[in-house]
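This is what each chain is made of:
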Amino acid sequence: MAAPIIVHLVRRTKAPRVEFPSLMFVRRVPQRTIRRRQLHNWLLLLLRCLAFLLLALAFVRPYFGSGQAEQTSQRAQVILLDTSFSLRYGNRFEQAKNRARALLDQAAGNDRVALLTFGQAYDVQNKFTTDVAQLKAALNNIQPGASATDYVQALRGAETLFKEVGAADKRIVLISDFQAAGQNPAEAAYRLAKDLKLVPIDLGESNSPNLAISEVNAQPLIYQAKYADKLSARIANFSDEEKTGVRVEFLLNDRTVEKRELKIAARDTATVEFTDFNLNEGVNRGVIQVEGDNFPYDNKFYFTLRRAEQLKALALETATRGRSESFYLRNALTTGENLPFNLEVKTAGSVNPSDISQYRVVLLNDAAVSPALAQQLLKFVEGGGGLIIAAGPHTDASTFNQAFGNAAPATLEQVVQLRGDYVAMSEIKTDHPIFEVFRRSGRLAAARVFGYHRVTARTGAAVLARFEDGNPALVEAAHGSGKILLFASTFDASWNDLPLTPTYLPLVRQMTRFLGEPEIRAWHPVGQSFVVSPAKDGSLPAVDLPSEERLTERKQTATGELLVNAREPGFYKLRYATTTDFAAANVDSKESDLSKLNVEEFIAAVTGADPKAATAAAGEKLTNEEVEGRQRIWWLLLIAALLLFVTEAILARRTKMARVIN
């Protein structure tokens, strides 16, 4: 306010310099007769002072408090800080930490405060304490994570902590961007205890555009030099505007394979495919990356492609004249590209039982086996091999039951021959890996079965499919380290027309892959653990994280495998004594959709309160900074100051013009 007055006092009007020939005729006037300068435009001065006053007050950011006296009773408060990777968007995480610091600054001396962080799971950073310095030290060390969001799990963790304290005022302060993806519909029935108050601090914006790679479909195991399948990547546009010129790049072992440019409509996805590229032997590191937005954290998708040698498989059949009974089976497992198995077909009488161990999968295709061969097959399964049994007309029930005993998935009973009629397979477990390709149809209705064995599944076995009359069609059981599958009909056309249907080839291949192909994933989701197999000598590898830090945790499974928790996206380097392997991890794509929850409805849902009442109750619990943030009086002060400056300028111009005219 003093600025206009000071300017007025120090400013002097310079007298005009006039050339005059002589001063002898100019009268000397005493100083006391000079008229003092006075303020004539009081209104102009007041406008200027008031404008500067409002400008200063705007930067102070004032607000109106409730005027209620603070409670002196002890309060227990849990600060629940969101560290999911959506908090990396813009400066959200710094805002979150600043709000948490403000809460700690405002805590009374006898308030007990706990600090929890959460993503998909929660982590207790500091239990209840009155030591604010200790809480601030813990807060300073917190960094944003890479996991998705689960609000209910976070609230459960906070609720559990309150069992340690007994305070009249219990509240949870939830600092988050309140992402819609963090609310799990399966947890809709969850409610906080009635004595707990929930205070939301919302850091999210109503519009947060984002591009992300939501999915990559790749065949992780390849058995040839060229990748002939289609490697597809889905790019999602999580914004309300169309994205043009989106650049997608596919890199393999740090070298660019191909680049594409896409146009993606608002709130839509686009799929790009790559194929016919060469692979090195062993593990290959693949990356799909996209450019076109300001949030790069989810713009890369990491995966591995492994080129391996074909595994050996053996089909055992009964010696018959004419065409082999494994004709259809051989064609299904040897026709096409990228086949995992090199199939050999032999008769049960010609195979040497000691040679069984060199195979990965054995298919007993309706062949009668000797007790010695049966024992060798069971020993093979115990060591980790896979055995598929098809029971047809050449399989005698009593001989089979005696040879395989309780190790078989089921006990064979009488043969059922349907004259002029048939049954189809139904009650298929579509969540099983064998039937993943049939998940949409739900049943193999195209195949007609005219003959089968009635079977009784043994204890512990799983019935994966049944015939329409309820008899088990496909039964699975574990034996030692391996597994056995029993199909109650044949793999040729003698008892069914399955080989003549389109479902035969994928069914047989899926069964063989399930038992014989090692379970390898192209990538793992961040927030979950994956296992790393030991070397042949039993030693475990050293693991380097994507951040190039060495993993210090050495947790092992019951079978001796190393358990690695994927906490960040990228490639995990597995350093064995003689070789190096890689595993890939990626963020959860649902976290890339930054659409917001309705905060009022969310509070009402988890507290059971009316939305308006919940909002009003939350307003009573707001910190000084939160109250100011909602009122935003400084905007009004700035607008008023601007209006005063405009009025002052107009008035000053009119005053100057009046002087000129006079």
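Residues numbered from 1 in each chain as written. Predicted model: local features only at pLDDT ≥ 70, side-chain atom pairs only at ≥ 80, totals over all residues. Heavy atoms only, no water.

Time to look at unusual backbone geometry. Among all residues except glycine, the phi angle is most often negative; among peptide bonds, the trans geometry is most common. Positioned with a positive phi, arginine 61 is a non-glycine residue whose angle comes to about 60 degrees. Inspection of the secondary structure puts arginine 61 in the loop between helix H2 (42-60) and strand E1 (75-82). (Helix = DSSP H or I, 4+ residues; strand = E, 2+ residues; numbered from the N terminus.)

Turning our attention to the nonpolar core. Membership of the largest hydrophobic core comes to 69 residues, with the highest contact counts inside it found for Val362, Leu387, Phe404, Phe435 and Leu474. It is helix H7 (residues 371-382) that contributes the most residues to this core, six residues altogether. The residues contacting leucine 474, other than those within four sequence positions of it, are Ile434, Phe435, Ala462, Val463, Leu464, Ala465, Leu485, Leu486, Phe487 and Met511. Judged by nonpolar contacts, the second largest core, of 28 residues, contains Leu80, Val165, Tyr190 and Val599. (Core = buried A, V, L, I, M, F, W, Y, C linked by side-chain atoms within 4.5 Å. Buried < 20%, exposed > 50% of the residue type's maximum accessible area, 1.4 Å probe, protein only. Contact = heavy atoms within 4.5 Å.)

The next thing to look at is the sheet that holds strand E28 (residues 529-532). The antiparallel open sheet is built from three strands, whose spatial order is E28-E31-E30. The two strands at the open ends of the sheet, each matched to only one other strand, are E28 and strand E30 (555-556). (Pairing = 2+ DSSP bridges.)

Looking at the secondary structure, you find lysine 170 in strand E4 (residues 169-176). A distance of 3.4 Å separates polar atoms of two side chains, one belonging to lysine 170 and the other to aspartate 195. Sequence-distant contacts of lysine 170, defined by excluding residues within four places in its chain, comprise Ala76, Phe162, Val165, Asp195, Leu196 and Lys197. (Polar contact = N/O pair within 3.5 Å; in protein donor to acceptor, adjacent residues only side chain to side chain.)

Tallying each qualifying case throughout the model produces 23 aromatic pairs. Ring geometry for tyrosine 151 and phenylalanine 178: centres 5.9 Å apart, planes at 20 degrees, overall stacked. Residue tyrosine 151 is located in helix H5 (residues 151-161), and its partner phenylalanine 178 is located in the loop between E4 and strand E5 (196-202); the two are separated by 27 residues in the primary sequence. Accessibility classification places tyrosine 151 together with phenylalanine 178 in one group, the buried group. Against the face of phenylalanine 571 rests arginine 285, its NZ or CZ located 5.9 Å from the ring centre. One cation-aromatic arrangement involves lysine 312 over tyrosine 359; the distance from NZ or CZ to the ring centre is 5.1 Å. (Phe/Tyr/Trp six-rings, centres within 6.5 Å; stacked < 30°, edge-to-face > 60°. Lys NZ or Arg CZ within 6 Å of the ring centre and 35° of its normal.)

Moving on, we get to the environment of leucine 81. Tracing the chain through its elements places leucine 81 in strand E1. Looking at leucine 81, the relative accessible area reads 0%, which means it is buried. Once you skip the residues sitting within four places of it in the chain, leucine 81 turns out to touch Ala96, Leu116, Thr117, Phe118, Leu139, Ile142 and Ile175.

The share of residues in the chain with pLDDT of 70 or more is 92%, and the mean pLDDT across the chain is 88. Across residues 67-73, where pLDDT falls below 50, the model places four contacts with residues more than four positions away in sequence or in other chains. (pLDDT = per-residue confidence, 0-100.)

Let us now look at the pattern of salt bridges. Enumeration according to the criterion identifies 27 salt bridges in this entry. For the salt bridge of aspartate 240 with arginine 267, the shortest nitrogen-to-oxygen distance reads 3.3 Å. With a gap of 27 residues between them, aspartate 240 in the loop between strand E9 (231-237) and strand E10 (243-252) and arginine 267 in the loop between strand E11 (255-264) and strand E12 (269-274) connect regions that are remote in the sequence. Between glutamate 344 and lysine 346 there is a salt bridge whose closest N-O contact spans 3.9 Å. Note on lysine 346: relative accessible area 27%, which makes it partly exposed. Each of Arg75, Asp169, Arg171 and Lys197 takes part in one network of salt bridges that share partners. (Salt bridge = Lys/Arg side-chain N within 4 Å of Asp/Glu carboxyl O.)

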